Amino acid sequence: MMQNTQAVLLEVKNLTKNFGGLQAINDVSFVVPEGKLIALIGPNGAGKTTVFNVISNLFPASSGDVLLAGKSLVGLSPVQIASLGLIRTFQSARVFPGMTVLENVMVGRHRMMRSNLFDQMFWLPRNRRAEADIYARAGALLDIVGLQQFRDSHAIDLPMGAQKMLEVIRAVVACPKILLLDEPAAGLNDAETADLAGLLRAICDSGITIMLVEHNMPLVMGIADEVLVMETGRLIMSGKPHIVQRDPRVIAAYLGMEG
Amino acid sequence: MVEAVQIGLGGILQGCTYALLALGFSLVFRVTGVINLAQGGFCILGALLAHSFQAEFGWPILLAAAGGIAVTAMVAAVLGALVFVPGLSRVAHGNMLMLTAGLLALLTGAILLIWGSQPYALPPFSGDQPAVLFGITLPTQGFWIIGSMVSIVLALWWLLHKTNIGRALRACSENPAAAALMGISVPGMTLLSFILAAMIGATAGIVIAPITSLQFDTGSLFSIMGFIAVAIGGVGSFPGAVAGGLLLGLANQFATAYVSSLFSSALSVGLLLAILIWRPSGLFNVGKTRRQDVREEARVQKGLIRIARQAAWIWGGLGLVLAFTLPLWLPGGSLLSSLNITGILFIALIGLNILSGYAGQVSLGQAGFMAIGGYTAGWLAVQYNVAPILGVLAGTLISLICAVILALITMRLRGLYLALATLAFGLMIDSLAVGLDDITGGPSGLTGIPSFSIGGLDFSSPLRMYYLILGIILVSLFLMAGALRSDFGRALQAIRTDQTAAAALGINVPMYKLAAFAISAVFASLAGSLYAFDFNYLSPEMVGTTRSFELVTMMVIGGEGILLGPLLGSGLLTMLPTMFEALSVYKTFANGALLAFFFLYLPEGMFGGLVRAFRVIKNRVGHRPKRSLLHEGRV
Ligand SMILES: Nc1ncnc2c1ncn2[C@@H]1O[C@H](COP(=O)(O)OP(=O)(O)O)[C@@H](O)[C@H]1O
Ligand SMILES: [Mg+2]
């Protein structure tokens, strides 16, 4: 197998999650090699978001294990998981209301902040340097996604597409080892989707591993290194995009979704 | 043995009242997800109305009771339609609790205006002669109390399960969106639940009035007891409300009989905490779970107030000059003193604002920390001649310890509980301030507190006090501005609106809440100490629950989430009654009314309003208006 030649960053083993009687995910296993962009696709209700929720331990798995760089994430809090470098976004864009666009990006840097409350209260140079650094990073990222001119606007006044972009760069500024993105292209128009594709590829090339849940097939096929397909809680296949795309089971699953 | 049974009976009677209150809480909570603190106010309103109908109009008692309930229902209809229901769609969920606290203040204030501050009681419905059974005396009123509870429980059950209205109410509580699609008027049903709860509350007040005397401010105690009952039983559960009420009533009566009445409310709070630690969702589980990964529907947020750096320097400079020279312009005397109070309360508000305005955690017990700070410093100075500054530090330390304990216990629970625990904490401190009279001087207060002094320098004149307070405020603002403009402030603001998303970014939500709570307690404690040194005197009502509510109002009308905002609120509510003596009786009423008004119509407060008005003027007068996404991108 090709994965053996690469370090495995995230490994999911026999993951199962039941909600009452409903089996939302059923014995799912996969690995995400370091530095790759892996897409997870599947019709609505297939359990993709639940996979993310269990990995980031928003709620615990019914059984199974998740390893990040060989360390088990089971039983860790979402905060601890984030501090290990696994940062996720949400299907519904969750920018923080009550903060400007720029502040929304800057808050993403939290886990990398080394200045403490004391430094901040006394306006110590250490904190001012740290703040200047985040300010510059956030500004640069806003430039890249073309939101610079809205930096002082109220974040929730942005159109949905821009909020999605904002959420992605807020996650990037946290310097994650691996980024879990839940449908970042939902609500984006074609031009924005193309921009997003470029952005994701660039993030991945900069060394951040990405796992992407997405509905938008052209986006996935264009940028993913490997595609995993889920249907009703099970992983039904995985492989290179062009191979997955032609698989009758995938076509059936997606036709089923359309109908 | 007979004695114990006697006490138990008393407990059951009291428990019935709590159970009725708890039923009202559960009813409104089921339909709206909000704890309606106004509940206790309706209780008192109903009872005092019945008293007036009976004593002044000479109505027979049952007719007077019915009249009291009917008029209370009308008042509830008006408040519900004008404030509560519109608030549900306009006010952030966490702030609804403060809004209902505002309604409670409004009712309390109105009752004070109409009936004054003396206690009232109704005559027993069936005469004074108690019933004696097996050597146990039971006031005949007891049968009325138990009877009305049982009939209300049955009526409620019948209404909810056997009628169309009940089905509609339940549909609203289970799935409001689906209910609306089915053609049910959700606002209508919400209003109905609010009115029904008020009527249940009024009934409770009326039937208990012959055996307990009631006065204008008993309402907050009733609200908190009803809430404790409902939290013990399981918020939203009707059997839980009854069980919780009875349990609490019994615990309360036995504590009063065998320990001391002073500590009965402290013990109630203890009971609550013990049960919540043991079973966070109460004795009866309602078993409704929400998808946590889906965001709560984002309520309309207030606009964003950010002041450009340059403008901040200019205005800050002007403000500083004004602050330093203000005493020179004042006609003197009382204005300067009330300016000092404005400043002292603003110190407490800086802390409250960090907790509520930035981190989004509601606290209704801030004055409890003021009391700890004030009494500790005052008592140490009076009794042991301890230097004021050491007294201040001692008070701060005790407040900090209380805050951390309170937060650690409640933090793991749902957000609501921290807010209510603060209210319970405030009431507990209230009762201790009255009860521990060796230290606090009891109801008449602690007298002979010296003025503040450091080394040889004393601050006995208002003018010196003014500059001391100004200095403390400036240092506090400097420190807090440093933290709030950095990572700390951003983390708090993230927590305020979306804890799940904040945690996903690695923000340690409980730790930041704890920090915000501790900071708020330190500021409140400091303010309390200064208050005691400024007045040379401290009495329980100066730092009681009314004060806690007043602080919330000041913060909201000044502008929460803006560091300087609450200063305007503190100034307005402190200076107005000084300038116009006649206004002071309206204070509680005005607090409640202003709070509701600002929440609904000017959520960014006076400060935000001023900034906005200034921007509009600036855009009109000069430069081309900058078109931004704010105007274009909105759908
Ligand atoms: N917190 C939850 N409680 C109950 N059921 C849930 C919860 N989260 C997801 N589900 C159910 O699990 C299934 C998978 O959902 P989800 O992971 O959101 O699918 P996807 O993201 O692939 O569209 C759905 O049937 C959904 O209703
Ligand atoms: Mg999904």
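Keep in mind the model is a prediction, meaning the values are calculated, not measured.

The helix and strand tally for chain A stands at 10 helices and 10 strands. For the C-alpha atoms alone, the extent of chain A along its principal axes is close to 60 × 40 × 40 Å. Intrachain contacts of chain A at a sequence separation of at least 6 include 69% that bridge at least 24 residues. Within chain A, the 24 negative side-chain charges are centred at a point lying 7 Å from the centre of the 23 positive side-chain charges.

Okay, the domain arrangement of chain B next. All names here are of chain B. As assigned here, chain B comprises domain 1 (2-262) and domain 2 (316-618). Inter-centroid distance (C-alpha atoms) of domain 1 to domain 2 is 32 Å. In this assembly, 30 residues from domain 1 lie in contact with 28 residues from domain 2. Summing the contributions of domain 1 and of domain 2, the shared interface buries around 2,600 Å²; its carbon and sulfur component is 81%. At the boundary of domain 1 with domain 2, the tally comes to 2 residue pairs in polar contact (both at pLDDT 80 or more). Only α3 (61-90), α4 (93-115) and α9 (218-233) provide two or more residues apiece to the side of domain 1 that touches domain 2.

Quick look at the coordination of the magnesium ion (ligand 2) now. All names here are of chain A. Taken together, the protein ligands of the magnesium ion (ligand 2) are Thr49 (OG1) and Gln91 (OE1), with distances of 1.9 to 2.1 Å. Note that Thr49 is positioned in helix α1 (residues 48-55) and Gln91 in the loop between β6 (86-88) and α3 (101-107), a separation of 42 residues in sequence. For Thr49, a relative accessible area of 13% corresponds to the buried category.

Residues and elements named next belong to chain A. In terms of burial, strand β7 (residues 178-182) is a largely internal element, 5 of the 5 residues being buried. With burial as the criterion, each face of β7 is covered, one bearing Ile178, Leu180 and Asp182 and the other bearing Leu179 and Leu181. Looking at chain direction, β6 and β7 are connected through 3 bridges and run parallel. Bridge assignment links Leu86 to a residue of β7, and that residue is Ile178. With 5 bridges connecting them, β7 and strand β8 (residues 209-213) associate as parallel partners. Residue pairing across strands places Ile178 opposite Thr209, the latter belonging to β8.

Once that is clear, we can look at the domain arrangement of chain A. Residues and elements named next belong to chain A. When cut into domains, chain A gives domain 1 (8-95 + 177-255) and domain 2 (96-157). Summarising the inter-unit geometry, the C-alpha centres of domain 1 and domain 2 are found 28 Å apart. Facing the 8 residues of domain 1 at the interface are 8 residues of domain 2. Per-residue buried area on domain 1 facing domain 2 is highest for Ser83, Val95 and Leu199; these three make up 74% of the total on that side. Counting the contacts that link domain 1 with domain 2 gives 1 residue pair in polar contact (both at pLDDT 80 or more). Here the side of domain 1 that touches domain 2 is built from residues that sort into 5 nonpolar, 2 polar and 1 charged.

Moving on: the interface of chain B and chain A. Many authors give the size of an interface as the accessible area that is lost as the parts come together. At the interface, 37 residues of chain B touch 41 residues of chain A. Approximately 3,800 Å² of surface area, both sides summed, lies buried where chain B meets chain A, with 65% of it carried by carbon and sulfur atoms. At the junction of chain B and chain A, the tally comes to 3 salt bridges. The residue Arg94(A) makes a salt bridge to Asp498(B) at a minimum N-O spacing of 2.8 Å. At the junction of chain B and chain A, the tally comes to 9 residue pairs in polar contact (both at pLDDT 80 or more). Every element with two or more residues in the side of chain B that touches chain A is listed here: α18 (462-484), α19 (487-497), α20 (499-504) and α26 (629-632) of chain B. Here the side of chain B that touches chain A takes 7 residues from α19(B), the largest share from any one element.

The next point concerns the site of ligand 1. For ligand 1, the set of nearby residues contains 13 residues, the closest of which are Gly45(A), Gly47(A), Lys48(A), Thr49(A) and Thr50(A). Taken together, the residues near ligand 1 originate from chains A and B. A distance of 3.4 Å separates an oxygen atom of ligand 1 from a polar side-chain atom of Asn44(A). Contact distances for ligand 1 include 2.8 Å between an oxygen atom and a backbone N or O atom of Lys48(A). For ligand 1, whose free accessible area comes to 560 Å², the fraction covered by protein is 76%. When contributions to the shell around ligand 1 are tallied by element, the ones reaching two or more residues are β2 (22-33) and α1 of chain A.

Our focus in this paragraph is the sheet that holds strand β3 (residues 37-41) of chain A. Residues and elements named next belong to chain A. The 6 strands are arranged β6-β7-β8-β3-β9-β10 in an open sheet whose pairing can be described as mixed. Edge strands, defined here as strands with exactly one partner in the open sheet, are β6 and β10 (234-239). When the angles between neighbouring strand axes are averaged without regard to direction, this sheet yields 15 degrees. Summarising the sheet, strand β9 (residues 226-231) and β10 pair through 5 bridges and their orientation is antiparallel.

With that settled, the discussion passes to the nonpolar core. The biggest cluster of nonpolar side chains holds 254 residues, and the ones touching the most others in it are Leu200(A) and Met480(B). Ranked by the residues each element gives to this core, the list is headed by helix α21 (residues 509-535) of chain B, at 14 residues. In this structure, Met480(B) is in contact with Met121(A), Ile350(B), Ile354(B), Ile519(B), Phe523(B) and Leu563(B), ignoring residues within four places of it in sequence. Grouped together as the second largest cluster of nonpolar side chains are 28 residues, Val28(A), Val54(A), Leu68(A) and Val213(A) included.

Residue and element names in this part refer to chain A. Mapped onto the elements of the fold, Ile41 is located in strand β3. Here the alpha-carbon distance between Ile41 and Ile223, two residues 182 residues apart in the chain, equals 13 Å. Those residues in contact with Ile41 that sit more than four places away from it in its chain are Lys48, Glu214, Met217, Val220, Val227, Leu228, Val229, Met230, Val250 and Tyr254.

On to helix α24 (residues 587-601) of chain B, then. Here α24(B) is 15 residues long and its end C-alpha atoms lie 20 Å apart, about the 21 Å a rise of 1.5 Å per residue gives. On its buried side, α24(B) packs onto α3, α4, α22 (545-558), α23 (565-579) and α25 (605-621) of chain B.

On to unusual backbone geometry, then. Within the chain, Trp123(A) stands out as a residue other than glycine whose phi angle is a positive 50 degrees. You can see Trp123(A) is positioned in the loop between α4 (117-121) and α5 (125-145). You can call Trp123(A) partly exposed: its relative accessible area is 25%. Phi is positive for Asn385(B), which is not a glycine, with a value near 60 degrees. Mapped onto the secondary structure, Asn385(B) falls in the loop between α14 (366-384) and α15 (388-411).

Conventions we followed
Residues numbered from 1 in each chain as written. Chains lettered and ligands numbered in written order. Predicted model: local features only at pLDDT ≥ 70, side-chain atom pairs only at ≥ 80, totals over all residues. Heavy atoms only, no water. Helix = DSSP H or I, 4+ residues; strand = E, 2+ residues; numbered from the N terminus. Contact = heavy atoms within 4.5 Å. Lys, Arg positive; Asp, Glu negative; His and termini not counted. Charge placed at Lys NZ, Arg CZ, Asp CG, Glu CD. Domains from an automatic or database assignment. Buried area = accessible area lost by both parts, 1.4 Å probe. Polar contact = N/O pair within 3.5 Å; in protein donor to acceptor, adjacent residues only side chain to side chain. Donors = N, O, S within 2.8 Å, 3.2 Å for Na, K, Ca; no water. Buried < 20%, exposed > 50% of the residue type's maximum accessible area, 1.4 Å probe, protein only. Pairing = 2+ DSSP bridges. Nonpolar A, V, L, I, M, F, W, Y, C, P; charged D, E, K, R; others polar. Salt bridge = Lys/Arg side-chain N within 4 Å of Asp/Glu carboxyl O. Near = heavy atom within 4 Å. Areas by Shrake-Rupley, 256 points an atom, 1.4 Å probe, with all protein chains shown as cover. Axes fitted to C-alpha atoms, helices over the stretch in contact; angles between N-to-C directions. Core = buried A, V, L, I, M, F, W, Y, C linked by side-chain atoms within 4.5 Å. Expected span 1.5 Å × (residues − 1).

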